[in-house]
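This is what each chain is made of:
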Amino acid sequence: MDGQNDDALLPGSNYHCYTEKFAFRSDSDEDSTDGGANFSFDDASSNHQKAPRIFDRFYNSSSSEDDEEDATSSSNYQRRLDYMLQFLDRKLSTSSSNSQPLPEFTGSGGGIGVFKPPIRGPVHPNRPVSLEIRPHPLRETQVGRFLRNVVCVSDGDGSQLWAGSESGLRVWDLKNDIYGGIVEGEEDGTVRFRESAQVAAAALCVVGDGGNRLVWSGHKDGRIMCWKMLDFSNGRGNGDSGNEFQELLSWQAHRGPVLSMVVSSYGDLWCGSEGGAIKIWPWEAVEKSLALTTGERHMASLSVERSYIDLRSQNSIYSNIFTSDVKYMLSDHSVAKMWTAGYQSFALWDARTRELLKVFNIDGQIENLSLDSLAEDEMRMKYVSSNSKEKTQNSFNFFQRSRNVILGAADAVRRAAVKGAFGDDSRRVEALVAMSDGMIWIGCSNGSLVQWDGNGTRLQDIQHHSFAVQSLCTVGARIWVGYTSGTVQVLDLNGDLLGQWVAHNSPVIDLAVGAGYVFTLANHGGIRGWSITSPGPLDNMFRAELAGKEFLYTRLENLKILAGTWNVGQERAAPDSFISWLGSAAADVDIIVVGLQEVEMGAGFLAVSAAKETMGLEGSSAGQWWLDMIGKTLDEGSTFSSVGSRQLAGLLISVWVRNNIRAHVGDVDVAAVPCGFGRAIGNKGAVGLRMRVYGRVMCFVNCHFAAHLEAVNRRNADFDHVYRTMIFSRPSNNLNVVAAGVSSAVQMLRTNTMGINTVEGTPEISEADMVVFLGDFNYRLDGISYDEARDFVSQRCFDWLREKDQLRAEMEAGHVFQGMREAVIKFPPTYKFERNQPGLAGYDSGEKKRVPAWCDRILYRDSRSTSASTCSLDCPVVASILLYEACMDVTDSDHKPVRCILNVEVARVDETVRRQEFGEIIKSNDKIKRLLKELTKVPEAFVSTNNIILQNQDISILRISNKSKKDRALYEIVCEGLSTIEDGQASEHRPRGSFGFPMWLEVIFLFTRSYSL
């Protein structure tokens, strides 16, 4: 500081105490729980004033907004009342629709195995209750805005959740808004957040410095940005828009992207980039730039940018060994060391001296070079260069750098050859975390977890899951692990499994701890908060309480779906045919699903189509013509919008949505399954489209099965093959929205973009809340002649004909379409007709005289396990058929088009109201309050001194004694700054990083444990 002979004072350190029971965090500046204890140096000295923060002068107070809060509260209570009345109305009413549904026939075998509807409920039965900070957003709304990382930052006044996205940063106030109500104009169901102005490049990493109320973000374009934490002391932040964010500094840190970033034990900012690049930005330079006056601030970024220390250029050994991208960084505050890592290699550094201590690989093997020969070469080169001119010197430096690069590459090849391959990709490093006991844990892409000590010695590896690890975090004596499967596991310090559950239906790409919760960020952008006590005794209590309040947060939606199928026989229909089939029924529907068969056929076309499929291509001019004509019929743009389509040879499916519900429809995925000629050619098969509607998954499958009367078993096998093997992926014609900064393990999962991670062997179709099958199933009439069938049709004796229907017989036997429903058929058979001949006289009268049959069908399965089930969160999708008919006046093909209108009720959770109910339970349930009080109680402790005074380089001891005889506690010390003392007076407070010890201070941490019997 000003002089080492002056006394130095380190005031105002924050204590964060974690009880060993459930590792509940208690911040010293927040209100303490009765019966517990919070500690700070402020409590021990009444005449000590809390150290001012250097940026406090930037914060502006704003007027009270109580009126706005009262209006919001009133709106939320009104919503709960509406849901209660809606619930009672459902219980008392006999029908939810003015139109009576048609009678239905249900196939056998639907309640077992893969044909059983997925289990749903107001709370998930197999996991703790979560707090939905940001419900699963629709993918289409996130293009260019995907969240990629989260971090919790606490300054003692409350925790904030910061998230880096592809377009900027978001902040949630976890103290004031976490149980708050709806805010108009924001994402539906999301906790109120603030969003920065758009930035030029995606934020790949975000770190917090609560001691100085700073947040750092590293970006894809190589820039680092410094943000001031938002002031929520008035409950609203600094302003009413993106102006709440204040960018303090911004500079170009690397030529490539900033891949990793961390604050060291001495307050320095370390960041890593491609090719092993590591730069350090000393805190002294950052502090100086931040302290500049307004008139001098134009020099701030330039001053910081020039202050960096380039470790790669200063350390030839490191530059020769470590050439991979620095994807991960970790500050081990217990021993003041820094870990930097690529996918297969690690480097260990001294945070104080910035000296390279060790380079080793994933197996713990130390990477060695011939240091003596390197030193000899360098000395010889220095001697030669000392007698050369400047030009020669520059040339020599160039050749020296080139030599180092070549040596590094050659050594990498040598080390890879020793291993037998260029690295073991299955053990790629995906996450790092430092534990409270001084251990380091690493998560790998094969699902294994590796434990290391603070010196880089590999201790053990364990594996509790087969999917890749994506994220790690620690709270107290627990490790939380997030996997690509969406599973979260909780382990103790020894690596033993305490609990696990599926947290998201998408990879868990990041974890953060704050405000008593562990927050999980899913790859689709959703954020959930889980109590840090989970798994524990509170889980079942919360689950029971929330389930009992289902009627308060259940929201019902009603929509109508028009499904139409037509085998067009390679013909093009007249405009009047489109109107008769679709246009005349589209007036009152919300979603239109169109399935076409035989759009285009022929051996040459099928071969070309199969070849295009192998290259990821699809579609044809004939298919596009049909899509254009459907769009014109539905008044595309002004009334309906196309959400997606998929073509496989002659099969085509497309879905259209009315514009007024378009915002609630998304996550569109498509699929194709060929069934013809060795399951490789698309003359027979299926195309599917899956999407999310009001938060529920709906799947539509257009099929064309094997022909001919006797091929019943082949048709059954075609259905089974389609049902079990259909795998959905993003439409090829959609925008490529793969987000920057996502690990390669997540990139490998992009084929299943909705993120429905099914149990191994479980078909994706079976995970949908509603499934509609439509198409030319080709089932015929058995045991009846052509003339007999014509007579029954002319007399409209459909009851007797239905007894001859192959499909009905196979469904009754449970051989096909298990558990699916179809309205009782009351229209003539739709196959086979002479083209352009109207009426029933148009049935095939040629030489073959094919027996009329109901080849063209529409079936569905909803969430009901029994016909009596009503729409609720346990049974979220309930459908009924209002219309099922064939358009007999359309004569363009040898098949008649068929259409069906389904009335669909959808139950979804109002996440805003549910969060409020969660908060009410915490406040009002005495049993939960009592248990929380017990779990969050901090053991009584003794602190040996209130101030740390350093004089003449004497050793000063800070002793914290836990006086509890049964519970251990873990303490975290956060340094807010330091001052120097001259003539008995403390000079102006000087901030440090959150763990920012001065460089002349060496701190040795001693761990002692005592046990009482």
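Residues numbered from 1 in each chain as written. Predicted model: local features only at pLDDT ≥ 70, side-chain atom pairs only at ≥ 80, totals over all residues. Heavy atoms only, no water.

1. Things to note about helix H20 (residues 926–935)
Here is step 1: When H20 is considered as a whole, its buried residues turn out to be Ile928, Leu931, Leu932 and Leu935. Down the axis of H20, the buried set is contained in an arc of 100°. They therefore lie on one face. Residues of H20 that are exposed and point over 90 degrees away from its buried face: Asp926 and Arg930.
Here is step 2: For H20, the N-terminal capping position is held by Asn925, with its side-chain oxygen 3.1 Å away from the main-chain nitrogen of Lys927. (Buried < 20%, exposed > 50% of the residue type's maximum accessible area, 1.4 Å probe, protein only. Helix = DSSP H or I, 4+ residues; strand = E, 2+ residues; numbered from the N terminus. Arc of directions from axis to C-beta. Polar contact = N/O pair within 3.5 Å; in protein donor to acceptor, adjacent residues only side chain to side chain.)

2. Structural notes on the packing of helix H19 (residues 911–924) against H20
Here is step 1: Between H19 and H20, the shortest axis-to-axis distance is 6 Å and the interhelical angle comes to 75°. When the axis of H19 is compared with that of H20, the two are roughly perpendicular. Mapping the contact onto sequence places Ile921, Ile922, Lys923 and Ser924 in H19 and Asp926, Ile928, Lys929 and Leu932 in H20. (Axes fitted to C-alpha atoms, helices over the stretch in contact; angles between N-to-C directions. Parallel < 35°, antiparallel > 145°, perpendicular 65-115°, else oblique. Contact = heavy atoms within 4.5 Å.)

3. With respect to the sheet that holds strand E22 (residues 429–434)
Here is step 1: Across the sheet, 4 strands lie side by side as E22-E23-E24-E25; this open sheet has antiparallel pairing. Either end of the sheet is taken by a strand with one partner, and the two such strands are E22 and strand E25 (458–463). Geometrically, the sheet is characterised by an average inter-axis angle of 20° between neighbouring strands, direction not taken into account.
Here is step 2: Bridge count between strand E24 (residues 448–452) and E25: 5 bridges; the pairing is antiparallel. Residue pairing for E25: Leu449 is matched across the bridge by Ile462. (Pairing = 2+ DSSP bridges.)

4. Structural notes on the environment of Asn683
Here is step 1: Mapped onto the secondary structure, Asn683 falls in strand E38 (residues 681–693).
Here is step 2: What makes Asn683 buried here is its relative accessible area of 12%.
Here is step 3: Each C-alpha atom, one on Asn683 and one on Leu648, is 8.3 Å from the other, the two residues being 35 residues apart in sequence.
Here is step 4: Once you skip the residues sitting within four places of it in the chain, Asn683 turns out to touch Met601, Leu606, Ala649, Gly676, Phe677 and His704.

5. Description of the side chain of Ser265
Here is step 1: With respect to the helices and strands, the residue Ser265 is situated in the loop between strand E14 (260–263) and strand E15 (269–272).
Here is step 2: A polar contact of 3.1 Å, which involves the side chain of Ser265, links it to the side chain of His333.

6. Topic: the packing of aromatic side chains
Here is step 1: In total, this model carries 35 aromatic pairs according to the counting rule given.
Here is step 2: When the ring of Trp339 is compared with that of Trp452, the centres are 6.4 Å apart and the planes differ by 75°; the resulting orientation is edge-to-face. Taken together, the positions of Trp339 in strand E19 (residues 337–341) and Trp452 in strand E24 put the pair 113 residues apart, joining distant regions of the chain. As far as the burial class goes, Trp339 and Trp452 line up, both buried.
Here is step 3: With 5.3 Å between their ring centres and 20° between their planes, Phe346 and Phe360 make a pair best called stacked. Of this pair, Phe346 sits in strand E20 (residues 345–350) while Phe360 sits in strand E21 (residues 356–361), and the two are 14 residues apart along the sequence.
Here is step 4: Note on Phe346: relative accessible area 0%, which makes it buried. (Phe/Tyr/Trp six-rings, centres within 6.5 Å; stacked < 30°, edge-to-face > 60°.)

7. Concerning the confidence of the model for the protein
Here is step 1: A residue-level look at the protein finds 73% of positions with pLDDT of 70 or above and a mean pLDDT of 81.
Here is step 2: Note that residues 369–396 has pLDDT below 50 and, in this model, 17 contacts with residues that lie over four places away or in other chains.
Here is step 3: Every residue in residues 734–758 is under pLDDT 50, and counting partners more than four places away or in other chains gives 79 contacts. (pLDDT = per-residue confidence, 0-100.)

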